[in-house]
Amino acid sequence: MTNAPESKSGASPRKLLGLTLDELREVAAGNGLKPFAAKQMARWLYEKRVTGIDAMTDLSKEARSRMIAAGWIVGREEAVAEARSADGTAKYLFPGAGGRDIEAVVIPDRERATICVSSQAGCRMNCAFCMTGRQGFHGNLDAGAIINQILSVPESGELTNVVFMGMGEPTDNADAVLAAIEILTAPWGMAWSPRRITLSTIGNINVLRRFLDSTQVHIAISVHTPFHTDRREIMPVENAWPVSQVMALLRDYDFAHQRRLSVEYTVWRGVNDDMRHADALARLLRGSSARVNLIRFHRIPGFDRSPADARTMEAFRDRLNELGVTATIRASRGEDIQAACGMLAGKQKENTENK
């Protein structure tokens, strides 16, 4: 299930995976096919999940040969490495961009199976607590590389939810992520409900508005501290898009029905875990329907903050609930396989460089 080699005609491979219906219509026209062939190709790619053009048997043999000769391939790629946790979490490494691999994590939970997908190789946001950001930025993934993660994990047929919460900042690669969401939700694509998809973001206001206006996916905002000065120290994005302005934008949108708004809050011992922070967070979220996910910190090299203990996190949660903010503590998953974003990719790169 790897990319086909360069065609005999010498044409460079061009991927069908990740193309929208309009783009597939252009491919059909360029290969002498009727417009309805675009829907046929979409069905083979996203419903039947074929790995080669020859499997698209309702296209004529001549058309398939012409496409292959022109350099077209499906573009599916297998994982190059994987790690499995004792709790069932599985992390997969896929070819990414700029010579760097990217990660996808599958998290089983009773009747649910969630895949956390990457949108970039590395990240430009430079959050101090993020292993991905410490690796620098190496390039954007195209829509095909995003969809490939969903289709190519062994658990693909069991997945119930997708979260854009892996390597990279989704709003920093908006065109590809929006194309991937279109493929996931369109009737001609994978026909998923947008309620099965969550976009996690640091809060690029201009681009976030684009997602809010053009999709109905759930939104998760990375906050981690309600105080401007403190957040600026660990998340440089606070300089450009203060979280108070992000929340002001989100209050203008309806999250009461199909769409859900959540806040991601990693809790560090003695840093952002006291009642002063809980009270300020409740004030920040006032007037919104945001739910708070309190996250246990997975230690990373070069960042000296420690996870808050369970009792402190429970007290923080209870305080938010008392103030009318729904808060839960997210179960820690996959720590034994370094499931925090960027850990496996960084380790794999380090191993390669040391050979």
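First, a word on what this report is: a plain description of the structure on this page. (Residues numbered from 1 in each chain as written. Predicted model: local features only at pLDDT ≥ 70, side-chain atom pairs only at ≥ 80, totals over all residues. Heavy atoms only, no water.)

This part takes up the packing of helix H11 (residues 275-285) against helix H12 (residues 310-322). Describing two packed helices takes the angle between their axes plus the distance from one axis to the other. The interhelical angle for the contact between H11 and H12, taken along N-to-C directions, is 35°, at an axis separation of 9 Å. H12 is crossed by H11, and the crossing has right-handed handedness. Contacts between H11 and H12 involve Met275, His277, Ala278, Asp279, Leu281 and Ala282 from the first element and Ala315, Phe316, Arg319 and Leu320 from the second. For the contact of H11 with H12, the class distribution of residues is seven nonpolar, one polar and two charged. (Axes fitted to C-alpha atoms, helices over the stretch in contact; angles between N-to-C directions. Helix = DSSP H or I, 4+ residues; strand = E, 2+ residues; numbered from the N terminus. Left-handed = near helix turned anticlockwise from the far one by under 90°. Contact = heavy atoms within 4.5 Å. Nonpolar A, V, L, I, M, F, W, Y, C, P; charged D, E, K, R; others polar.)

On to the sheet that holds strand S10 (residues 197-201). Hydrogen bonds between backbone atoms are what pair the strands of a sheet, whose relative direction is either parallel or antiparallel. Pairing is mixed across the open sheet formed by 10 strands, whose spatial order is S3-S4-S5-S6-S9-S10-S11-S12-S13-S14. Both outer strands of the open sheet, strand S3 (81-84) and strand S14 (327-329), are each paired with one neighbouring strand and no more. Averaged over all pairs of adjacent strands, the angle between strand axes in this sheet comes to 25°, irrespective of strand direction. As defined by bridge partners, strand S11 (residues 218-222) adjoins strand S12 (residues 261-267) across four bridges and the pair is classed as parallel. Bridging across to S12, Ala220 finds its partner in Ser262. (Pairing = 2+ DSSP bridges.)

This next bit is on the packing of helix H6 (residues 174-185) against helix H7 (residues 205-214). Their axes nearest at 11 Å, the elements H6 and H7 cross at an angle of 15°. Between H6 and H7, the interaxial angle falls into the category roughly parallel. Note that H6 runs across H7; the crossing there is right-handed. Residues Ala174, Asp175, Val177, Leu178 and Ile181 of H6 touch H7, and the partners they reach there are Val207, Arg210, Phe211 and Ser214. The class makeup of the residues in the contact of H6 with H7 is six nonpolar, one polar and two charged. (Parallel < 35°, antiparallel > 145°, perpendicular 65-115°, else oblique.)

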